[in-house]
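# Structural characterization, general
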Amino acid sequence: MKILNQGWSGLNLLFRLALHDLRSRCLGSTLGFVWAFIQPFVLTIILWFVFVVAFKANSVRGVPFIAWLLAGISAWSFFSDGWNQATNVFCEYAFLVRKVNFRLFNLPLMKLLATLTVHVVFLLIVALVLLFTRITISWSWLGVLYYLFASAVLLAGLSYITATLHVFARDVGQIVNVGLQFGFWVTPVFWGFTMFPEHSILIKILRLNPVVYIVDGYRNSLLFDSPFAAGWGETAYFWLFTVSILILGRFVFRKLKPHFADVL
């Protein structure tokens, strides 16, 4: 019973910290908390106007281009925003780092939880767009929950590594930003693998990017009624990579955590 109480207390604290983080992002603004959800809505309107109204983009595999694009962007936005926000968390909450009894292990998770809240709203907007483009609701949409979990586990591992290293070298945050910009273009968000010859070596190289598994998973779940279309080889590779990153992240964090107070 004591363990359950401690677990519930820790979870409750995590939710309260995530809510505080969302509020602090909008501190001083008139609309406050609403700003956290305006961005995905405005992004959806801009993409719709640019690609559908202006460029008359063609459908992809029988699916309207805007629906195909938004499904991929929703997956990428959670990954990029979550990693970017979590990388600076120990420096941003330095006052908590100095508290002896506070579990620093929770801080990156708090950032991911706050990002998840915004992401859920983005997904609701995406769902409305899909319905507007006559894509019917399907049980396969639940597959997004699996890929969301997969993305969160990968993010947790990456965040523990970069957030820890960022305490000692502030350039890490800039490196993550540059890496995310590069990663955006090597991930099939605006483009698809059909652009390349079927057995191109470039496809094999690009699929080493673990985020490809998540982006494809979102699209297969939301658009093509096949949430688990990825082969066992791709799934095994993704989880082997992700678990390895998570183990490495926990090791780096535990190894360097005792020195946080000296630097911050």
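Preceding block: the structure.
Residues numbered from 1 in each chain as written. Predicted model: local features only at pLDDT ≥ 70, side-chain atom pairs only at ≥ 80, totals over all residues. Heavy atoms only, no water.

## Notes on the packing of aromatic side chains
To describe a pair of aromatic rings, one takes the distance between the centres and the angle between the planes. Per the stated rule, a full pass over the model turns up 25 aromatic pairs. Note on W76 and F79: the rings are 5.7 Å apart at their centroids and 45° apart in plane angle, and the pair reads as tilted. Within this pair, W76 and its partner F79 are both found in helix α3 (residues 65–87), separated by three residues, close to a single helical turn. Accessibility assignment for this pair places W76 and F79 in one class, buried. (Phe/Tyr/Trp six-rings, centres within 6.5 Å; stacked < 30°, edge-to-face > 60°. Helix = DSSP H or I, 4+ residues; strand = E, 2+ residues; numbered from the N terminus. Buried < 20%, exposed > 50% of the residue type's maximum accessible area, 1.4 Å probe, protein only.)

## Details of the side chain of T242
Its place among the elements puts T242 in helix α11 (residues 232–256). A relative accessible area of 0% means that T242 is categorised as buried. A distance of 2.8 Å separates a polar atom in the side chain of T242 from the backbone oxygen of F238. If we skip the residues at most four places from it in the chain, T242 touches V153 and L154. (Polar contact = N/O pair within 3.5 Å; in protein donor to acceptor, adjacent residues only side chain to side chain. Contact = heavy atoms within 4.5 Å.)

## Overview of the nonpolar core
Counting residues in hydrophobic clusters, the biggest one holds 70 residues, and the most contacted among them are F79, F90 and L223. In this structure, W191, F193, I203 and V212 belong to the second largest nonpolar core, which totals five residues. (Core = buried A, V, L, I, M, F, W, Y, C linked by side-chain atoms within 4.5 Å.)

## Thoughts on the pattern of salt bridges
Applying the stated criterion to the full structure yields three salt bridges. One salt bridge connects E92 with K111, and the closest N-O pair in it is separated by 2.9 Å. A residue pair is termed long-range when its members are at least 10 positions apart, and E92 in helix α4 (residues 89–92) and K111 in helix α6 (residues 106–132) qualify at 19 residues. Owing to a relative accessible area of 1%, K111 belongs among the buried residues under this scheme. R207 serves as the salt-bridge partner of E234, at 3.6 Å between the closest nitrogen and oxygen. With E234 in helix α11 and R207 in the loop between α9 (201–206) and α10 (210–222), the pair connects residues that are 27 residues apart, well separated along the chain. (Salt bridge = Lys/Arg side-chain N within 4 Å of Asp/Glu carboxyl O.)

Note that all results are geometric; they support no functional claim without further evidence.
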